[in-house]
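Observations on chain architecture
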Amino acid sequence: MVEGPVRIEMPDGSVVESDRFMVAICACRRSKTYPLCDTSHRRRSGQRTPQ
Ligand code: FES
């Protein structure tokens, strides 16, 4: 989580801006709104938890 507003420049040169007061940055790259976190990281896609 980072404090907003934020302006993120992507490697391809595009810019993503958010004026929210707290912004979650996606570190897992599964987000449909990457680089902003949309909580997709919570989904367990094909991963098994060891028991
Ligand atoms: S960190 Fe990637 S969707 Fe949340």
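Residues numbered from 1 in each chain as written. Predicted model: local features only at pLDDT ≥ 70, side-chain atom pairs only at ≥ 80, totals over all residues. Heavy atoms only, no water.

The omega torsion of the bond from Gly4 to Pro5 falls at -5°, within 30 degrees of zero and hence cis. Counting through the fold element by element, Pro5 comes out in the loop between strand 1 (2-3) and strand 2 (6-9). In the segment running from Tyr34 into Pro35, the intervening peptide bond is cis, with an omega of 15°. Looking at where Pro35 falls in the secondary structure, it is placed in the segment after strand 4 (22-23). A positive phi angle is found at Arg29, which is not glycine, with a value near 70°. Topologically, Arg29 is positioned in the segment after strand 4. Residue class for Arg29 comes out exposed when judged on its relative accessible area of 63%. Of note, Thr39 is a non-glycine position whose phi angle comes to about 70°, a positive value. With respect to the helices and strands, the residue Thr39 is situated in the segment after strand 4. Under the relative-accessibility criterion, Thr39 is labelled partly exposed at 36%. (Helix = DSSP H or I, 4+ residues; strand = E, 2+ residues; numbered from the N terminus. Buried < 20%, exposed > 50% of the residue type's maximum accessible area, 1.4 Å probe, protein only.)

Here we come to the pairing of strand 3 (residues 15-18). Two strands pair when backbone bridges link them, and strand 2 and strand 3 are joined in this way by four bridges, in the antiparallel orientation. For Arg7, the partnering residue across the bridge sits in strand 3 and is Glu17. Adjacent in sequence and paired antiparallel, strand 2 and strand 3 are bridged by five residues, among which Gly13 carries a positive phi angle near 95°. (Pairing = 2+ DSSP bridges.)

Moving on, we come to the side chain of Ser18. Residue placement: Ser18 occurs in strand 3. Among the polar contacts made by the side chain of Ser18, one reaches the main-chain amide nitrogen of Arg20 at a distance of 3.3 Å. The residues contacting Ser18, other than those within four sequence positions of it, are Pro5, Val6, Val23 and Leu36. (Polar contact = N/O pair within 3.5 Å; in protein donor to acceptor, adjacent residues only side chain to side chain. Contact = heavy atoms within 4.5 Å.)

Taken together, the side chains of Met1, Phe21 and Met22 make up a nonpolar region of the molecular surface, amounting to roughly 400 Å² of accessible area. You can see Phe21 is positioned in the loop between strand 3 and strand 4. On the basis of relative accessible area, Phe21 is assigned to the exposed category, the value being 71%. (Patch = residues over 30% accessible without salt bridge, like charges linked within 9 Å, V, L, I, M, F, W, Y side chains within 5 Å. Areas by Shrake-Rupley, 256 points an atom, 1.4 Å probe, with all protein chains shown as cover. Salt bridge = Lys/Arg side-chain N within 4 Å of Asp/Glu carboxyl O.)

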